[in-house]
Amino acid sequence: IRRAGFPVRRVFDDFIYRYRVLARGLPTNISVEDCCIAIMKQFDDQHKDWQMGKTKVFLRETIEVILEKQRSKELGNVARVIQARVLGFLQRRRFLRKKAQIVQAQKFIKGFIYRRKYRRLRRAVIAFQKYERARVARKLLAQLKEAKRIEEEKRRQEERLREEERQRELERLEMELSQEAELEAEKERMEKELAEFKAKIAEEMALKREEEERRVQQEEADRQEALRRARALDGQLRMAEEANRKAEEERHQAQEEAKQRQEEEQRLREEETARLEAEAEMAAISQIAELDTKLQLELEDEEEKEELEVTGEGSGAGEADTQEKEIYLEGYINMKAGHKVKKRWCVLKDCTFMYFRAKQDALKAGWLIKKGGGTGTLS
């Protein structure tokens, strides 16, 4: 079978399980072998690329590739159908959910609108009731005022009648009491009562004026006392401010004087230090000059001696003597700088004097005294 070129072998059940998607439309009551044959005839009805065995289906690779492609295509179609169903279900559920939400929102909005309409209608009814009740109350008030006016008119009429009756009675009494003596006595009594009343009023007015004057005097005294206290307090505050200002000025002046004294002392110390350093430098220069003079004299003496002892030598010997005459001296020297004495490493080489803070392995830099005078740096 392998030599015939059927490398793919599948059992009927395995073949049906794998390629059952290609058996759509076939009757369900046929056998497994017939189902396999029907599937294969859909792609190769000439039996060139496949053969049937007793329990297996033998396939070439070409027909297997065709089957796999068709299977993948059918599975894709089935998957798309399933996806469509699932997406439809999800969309329907989402739609129903949104519909329920919209219905709920509509319910709340309609409830809000109807409540607002009810409140507006209720306010309108209340306003209508208010105006109607006000109209009824005004009508009742007008009726009450009219009834009261009629009652007052009746009362005034009755009082007028009583007053007229009283006036007629007084006139009758005056006519009866027209005697002159009685009138004089009544007049004197009335004048006496009037005088007593005037005296009483004058006494009360005097007491009031005295009380008012005492109150005004007391207020003036209180005001003067408050003004005096305010002036005294203002004077004390001014004195305290003046004292504080004077104390501040004295303190500031004392600070300025102390600062000036410190600056003056610092300047004097600096000047003294500079002077001492200058004196020390001049002393060192004079010592160096004396040493240089002595060394020159010694050198001149040695040269004269050598000239007397050595004669008739060649140019090579003269150069060797010149090299041997070079002077090189070094050592520590105590140099005074101000109030201190400093130890410096000094070097004298070929009429050049140098000093350093520490001993030098090689001459690199330092102070030097020039042969012709003056100072400089060696670098």
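Residues numbered from 1 in each chain as written. Predicted model: local features only at pLDDT ≥ 70, side-chain atom pairs only at ≥ 80, totals over all residues. Heavy atoms only, no water.

**Student:** Give a description of the overall build of the protein that names residues and reports values.
**Tutor:** Helix and strand counts for the protein stand at 5 helices and 8 strands. The order of α-helices and β-strands along the protein, N terminus first, is β-α-α-β-β-α-α-α-β-β-β-β-β. Across the 379 residues of the protein, 13% fall into the buried class. Considering only intrachain contacts with a sequence separation of at least 6, the fraction spanning at least 24 residues in the protein is 37%. Accessible surface for the protein amounts to roughly 31,900 Å². Of this, 54% is attributable to carbon and sulfur atoms. (Helix = DSSP H or I, 4+ residues; strand = E, 2+ residues; numbered from the N terminus. Buried < 20%, exposed > 50% of the residue type's maximum accessible area, 1.4 Å probe, protein only. Contact = heavy atoms within 4.5 Å. Areas by Shrake-Rupley, 256 points an atom, 1.4 Å probe, with all protein chains shown as cover.)

**Student:** A description of the packing of aromatic side chains should follow, citing residues and the corresponding values.
**Tutor:** Summed over all chains, the structure comprises 0 aromatic pairs. Cation over ring: K107 sits above F108, and NZ or CZ is 5.4 Å from the ring centre. In this arrangement the basic side chain of K130 is found over the ring face of Y131, its NZ or CZ atom lying 5.1 Å from the centre. (Phe/Tyr/Trp six-rings, centres within 6.5 Å; stacked < 30°, edge-to-face > 60°. Lys NZ or Arg CZ within 6 Å of the ring centre and 35° of its normal.)

**Student:** Describe in detail the pairing of strand β1 (residues 8-11), supporting the description with residues and values.
**Tutor:** Residues V8 and R10 line the buried face of β1, whereas the alternating positions R9 and V11 sit on a face that is not buried. Strand direction decides the pairing type here: β1 and strand β3 (residues 56-59), joined by 4 bridges, are antiparallel. For V11, the partnering residue across the bridge sits in β3 and is K56. (Pairing = 2+ DSSP bridges.)

**Student:** If you had to explain a positive patch on the surface to someone new, which residues and values would you point to?
**Tutor:** A cluster of like positive charges, contributed by R115, R116, K117, R119, R120 and R123, occupies part of the molecular surface. Topologically, R116 is positioned in helix α3 (residues 61-176). (Patch = residues over 30% accessible without salt bridge, like charges linked within 9 Å, V, L, I, M, F, W, Y side chains within 5 Å. Salt bridge = Lys/Arg side-chain N within 4 Å of Asp/Glu carboxyl O. Lys, Arg positive; Asp, Glu negative; His and termini not counted. Charge placed at Lys NZ, Arg CZ, Asp CG, Glu CD.)

**Student:** How would you summarise the pattern of salt bridges if you had to cite specific residues and measurements?
**Tutor:** Counting across every chain of the model gives 20 salt bridges. For R228, the salt bridge goes to E225, with nearest N and O atoms at 2.1 Å. Within this pair, R228 and its partner E225 are both found in helix α4 (residues 180-309), separated by 3 residues, close to a single helical turn. On the accessibility criterion, E225 (29% relative accessible area) is partly exposed.

**Student:** Break down the packing of helix α1 (residues 12-19) against helix α2 (residues 32-41) for me, citing the residues and quoting the values.
**Tutor:** It is the contact of α1 with α2, at a shortest axis distance of 10 Å, that shows an interaxial angle of 50°. Our classification of the angle between α1 and α2 gives oblique. For α1 against α2, the interelement crossing comes out left-handed. Across the interface between the two elements, F12, D13, F15, I16 and Y19 of α1 pack against V32, E33, C35, C36, I39 and M40 of α2. When the residues that make up the contact of α1 with α2 are grouped by side-chain class, the tally is 9 nonpolar, no polar and 2 charged. (Axes fitted to C-alpha atoms, helices over the stretch in contact; angles between N-to-C directions. Parallel < 35°, antiparallel > 145°, perpendicular 65-115°, else oblique. Left-handed = near helix turned anticlockwise from the far one by under 90°. Nonpolar A, V, L, I, M, F, W, Y, C, P; charged D, E, K, R; others polar.)

**Student:** Give me the lowdown on the packing of α1 against α3, citing residues and values where you can.
**Tutor:** Interhelical geometry of α1 versus α3 gives an angle of 40° and a closest axis separation of 10 Å. Classified by the interaxial angle, the pair formed by α1 and α3 is oblique. Residues F15, R18 and Y19 of α1 pack against E64, L67, E68 and R71 of α3. Residue composition of the contact of α1 with α3, grouped by class: 3 nonpolar, no polar and 4 charged.

**Student:** Let's hear about the sheet that holds β3: which residues, and what values?
**Tutor:** With antiparallel pairing, the 3 strands of this open sheet are ordered in space as β1-β3-β2. Single-partner strands in this sheet number two, and they are β1 and β2 (50-52). Strand-to-strand twist of the sheet, defined as the mean angle between neighbouring strand axes without regard to direction, takes the value 20°. Lying over the sheet, α2 contacts β2 and β3, oriented at roughly 165° with respect to β2.

**Student:** Please give an account of α3 that cites residues and values.
**Tutor:** An ideal rise of 1.5 Å per residue puts 172 Å on 116 residues; α3 measures up with 166 Å between its terminal C-alpha atoms. For α3, the complete set of buried residues consists of I63, E64, L67, E68, R71, E74, G88 and G111. On its buried face, α3 is in contact with β1, α1, α2 and β3. (Expected span 1.5 Å × (residues − 1).)

**Student:** Report on the nonpolar core, specifying residues and quantitative values.
**Tutor:** Counting residues in hydrophobic clusters, the biggest one holds 16 residues, and the most contacted among them are F15, L22, I39, M40, V57, L59 and L67. Where this core is concerned, the elements lending two or more residues are α1, α2, β3 and α3. The dominant element in this core, judged by the number of residues it contributes, is α2, at 4 residues. With near-sequence residues (within four places) excluded, L67 lies in contact with F15, Y19, L22, M40, F43 and L59. (Core = buried A, V, L, I, M, F, W, Y, C linked by side-chain atoms within 4.5 Å.)

**Student:** Which residues make up the confidence of the model for the protein, and what values go with them?
**Tutor:** On average, the protein scores 79 in pLDDT, and the residues at 70 or more come to 84%. Long-range and interchain partners of residues 312-320, a stretch whose pLDDT sits below 50, account for 1 contact in this model, where long-range means more than four residues apart. (pLDDT = per-residue confidence, 0-100.)

**Student:** Tell me what's going on with a nonpolar patch on the surface, and back it up with residues and numbers.
**Tutor:** Residues L194, F197, I201 and M205 make up a contiguous nonpolar surface patch of about 370 Å² in total accessible area. If you trace the backbone, M205 turns up in helix α4.

**Student:** Explain α2 to me, and be specific about the residues and the numbers.
**Tutor:** For α2, every residue scored as buried is listed here: C35, C36, I39 and M40. The buried residues of α2 all sit within an arc of 130° when viewed along its axis, so they share a single face. As for α2, its buried residues are in contact with α1, β2, β3 and α3. (Arc of directions from axis to C-beta.)

**Student:** Describe the environment of R71, with residues and values.
**Tutor:** With respect to the helices, strands and loops of the structure, R71 is situated in helix α3. As a C-alpha pair, R71 and R18 span 53 residues in sequence and 8.4 Å in three-dimensional space. When neighbours within four sequence positions are excluded, R71 is seen to be in contact with R18, Y19, V21 and L22.

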